[in-house]
Amino acid sequence: MAGVKTTPEIKEITKIERIGAHSHIRGLGLDDTLEARAVSQGMVGQKDARRAAGVILKMIQAGQIAGRAILLAGQPGTGKTAIAMGMAKALGEETPFAMMAASELFSLEMSKTEALTQAFRKAIGVRIKEETEIIEGEVVEIEIDRPATTGSAAKTGKVTLKTTEMETIYDLGQKMIESLQKEKVQAGDVITIDKASGRISKLGRSFARSRDYDAMGPATKFVQCPEGELQKRKEVVHVVTLHEIDVINSRSQGFLALFAGDTGEIRAEVREQIDGKVAEWREEGKADIVPGVLFIDEVHMLDIECFSFLNRALENELAP
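Moving on: the overall build of the protein chain. Tallying secondary structure elements over the protein chain gives eight helices and twelve strands in all. Counting the 320 residues in the protein chain, one finds 35% classified as buried. Looking at the protein chain alone, contacts between residues at least 24 apart form 62% of all its contacts between residues at least 6 apart. Of the roughly 19600 Å² that the protein chain leaves accessible, carbon and sulfur atoms contribute 50%.

Written out as structure tokens, the structure reads:
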């Protein structure tokens with residue numbers, strides 16, 4: 001494996017979040033003194049348990065509870081999963097949260113230790129910093145030439161972008177025109193175009209257009225016209241889990257296996273190479289580890305092999 005791949009060759013992915021029993025939870029609902037509020041951040045009741053979870057949260061943030069497991073005991077429906085989810089949300093939006101039921105281990109077509117390892121690596125994020133070239137400017141004009149006949153002829157066009165110091169015209173291809181239409185970009189918008197992927201992001205409307213009599217909603221965001229050159233280098237940060245990096249590098253179809261769910265067993269050599277590469281990135285300052293939360297439901301279903309494996313795995317440097 002020449003180099004470890006972290007990003008797939010797919011231009012745009014939309015993160016889909018299902019609405020579930022705990023998708024409304026945004027934190028533990030505690031105040032600054034760790035006292036539980038009656039109703040806050042989607043949490044209600046279980047004040048003592050939430051306060052205890054808040055104390056553990058402070059210990060996690062101080063790095064004093066690494067290599068430990070926390071047992072949440074209680075009757076079904078008393079909020080064990082909700083508290084674990086609240087802890088993950090309170091740790092930060094980027095904190096990975098992996099959840100599994102112990103009974104799943106016995107129905108998967110892989111060994112128990114492999115299933116647990118995958119769950120562990122789903123709960124560990126890698127924050128990767130990359131420098132990318134972007135074009136950032138205010139849209140002056142968009143011209144799209146539509147072919148007279150509706151056939152195979154592709155649309156072509158031009159977009160004029162400007163900063164406070166310069167103005168340039170760029171030719172547009174079919175994909176860029178579709179992206180501009182999808183983002184509903186119009187004259188007066190400030191946009192960025194990623195040169196590597198061609199992805200277009202709309203930053204907002206230019207302040208120069210704030211007095212226009214356009215139909216604008218209250219959510220319209222106004223930004224300054226960019227300064228300097230149109231083409232700039234910008235640091236981009238994205239978080240991927242170790243499991244996602246494993247899957248991308250271990251299978252021929254790579255990233256598509258994440259969507260199919262059929263990841264199979266991942267060879268130990270692949271993981272060793274990825275761990276080595278991540279350690280290199282950390283030394284070079286290109287990446288940071290984001291430890292997450294792994295929540296195992298119905299933990300009484302695990303056997304002695306699983307518990308002894310978990311005990312060893314928690315001592316590892318890359319543990320959630």
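Having seen it, we continue.
Here helix H3 (residues 112-122) crosses helix H5 (residues 242-250) at 120°, and the two axes come no closer than 6 Å. Contacts from Gln-118, Arg-121 and Lys-122 of H3 reach H5 at Leu-242, His-243 and Asp-246. Here the residues of the contact of H3 with H5 sort into one nonpolar, two polar and three charged.

We now examine the nonpolar core. By size, the foremost hydrophobic cluster in this structure holds 15 residues, and its most contacted members are Met-100, Leu-105, Leu-116, Phe-120, Ile-296, Leu-302 and Leu-310. If you list the elements that add at least two residues to this core, you get H3 and helix H8 (304-314). Other than its neighbours up to four places away in sequence, Met-100 contacts Leu-105, Leu-116, Ala-119, Phe-295, Ile-296 and Asp-297.

This brings us to the pattern of salt bridges. Summed over the entire model, instances satisfying the criterion amount to 16 salt bridges. Between Arg-51 and Glu-35 there is a salt bridge, with its nearest N and O atoms 3.1 Å apart. Residue Arg-51 is found in helix H1 (residues 47-61), and its partner Glu-35 is found in the segment before strand S1 (39-40); the two are separated by 16 residues along the sequence. Owing to a relative accessible area of 36%, Arg-51 belongs among the partly exposed residues under this scheme. Looking at Glu-35, the relative accessible area reads 40%, which means it is partly exposed. Across the pair Asp-189 and Lys-202 runs a salt bridge whose closest N-O atoms are separated by 3.7 Å. Within this pair, whereas Asp-189 is found in strand S7 (residues 189-194), its partner Lys-202 is found in strand S8 (residues 200-206), the two being separated by 13 residues in sequence. With relative accessibility at 1%, the residue Asp-189 sits in the buried group. Looking at Lys-202, the relative accessible area reads 37%, which means it is partly exposed.

In sequence terms Glu-35 and Lys-47 are twelve residues apart; their C-alpha atoms lie 7.8 Å from each other. Polar side-chain contacts of Glu-35 include one of 3.1 Å to the side chain of Arg-51.

Turning our attention to the environment of Glu-165. Inspection of the secondary structure puts Glu-165 in the loop between strand S5 (156-162) and strand S6 (167-172). Taking the C-alpha atoms as reference points, Glu-165 and Leu-230, separated by 65 residues in sequence, lie 8.9 Å from one another.

Turning our eyes to something else, we now look at H8. By the burial criterion, the buried members of H8 are Cys-306, Leu-310, Ala-313 and Leu-314. Taken down its axis, H8 places every buried residue within 95° of arc, on the same side. Facing away from the buried surface of H8 by more than 90 degrees, the exposed residues are Ile-304, Glu-305 and Arg-312.

Here we take up unusual backbone geometry. The phi dihedral of Lys-184 is positive, around 55°, even though this residue is not glycine. If you trace the backbone, Lys-184 turns up in the loop between helix H4 (174-182) and S7. Phi at Glu-298 takes a positive value of approximately 50°, unusual for a residue other than glycine. In this structure Glu-298 comes out as partly exposed when scored by relative accessible area, which is 33%.

A distance of 3.1 Å separates the side chain of Asp-189 from the side chain of Arg-205, its partner in a polar contact. Setting aside residues up to four positions removed in sequence, Asp-189 forms contacts with Gly-137, Glu-138, Val-139, Lys-184, Lys-202, Gly-204 and Arg-205.

Turning next to the confidence of the model for the protein chain. Counting all residues, the mean pLDDT for the protein chain is 78, and 83% of those residues have values of 70 or more. Scored below 50 in pLDDT, residues 8-15 makes eleven contacts in the model with residues more than four places away or belonging to other chains. Predicted confidence for residues 255-260 stays below pLDDT 50, and this span has twelve contacts to residues more than four positions away or in other chains.

Right, let's talk about H5 for a bit. For H5, the tally of buried residues reaches seven of nine residues, placing the bulk of the element in the interior. Turning to H5, its buried residues number three or more, namely Leu-242, His-243, Ile-245, Asp-246, Val-247, Ile-248 and Asn-249.

Looking now at the pairing of S7. A large share of S7 lies buried, amounting to five of its six residues. The sheet contact formed by strand S4 (residues 124-145) and S7 spans five bridges and is antiparallel. Looking across to S7, one finds that Glu-136 is bridged to Thr-192. Counting the residues that bridge the hairpin from S7 to S8 gives five residues, and of these Gly-198 lies at a positive phi of roughly 80°.

The rules behind the values
- Residues numbered from 1 in each chain as written.
- Predicted model: local features only at pLDDT ≥ 70, side-chain atom pairs only at ≥ 80, totals over all residues.
- Heavy atoms only, no water.
- Helix = DSSP H or I, 4+ residues; strand = E, 2+ residues; numbered from the N terminus.
- Buried < 20%, exposed > 50% of the residue type's maximum accessible area, 1.4 Å probe, protein only.
- Contact = heavy atoms within 4.5 Å.
- Areas by Shrake-Rupley, 256 points an atom, 1.4 Å probe, with all protein chains shown as cover.
- Axes fitted to C-alpha atoms, helices over the stretch in contact; angles between N-to-C directions.
- Nonpolar A, V, L, I, M, F, W, Y, C, P; charged D, E, K, R; others polar.
- Core = buried A, V, L, I, M, F, W, Y, C linked by side-chain atoms within 4.5 Å.
- Salt bridge = Lys/Arg side-chain N within 4 Å of Asp/Glu carboxyl O.
- Polar contact = N/O pair within 3.5 Å; in protein donor to acceptor, adjacent residues only side chain to side chain.
- Arc of directions from axis to C-beta.
- pLDDT = per-residue confidence, 0-100.
- Pairing = 2+ DSSP bridges.

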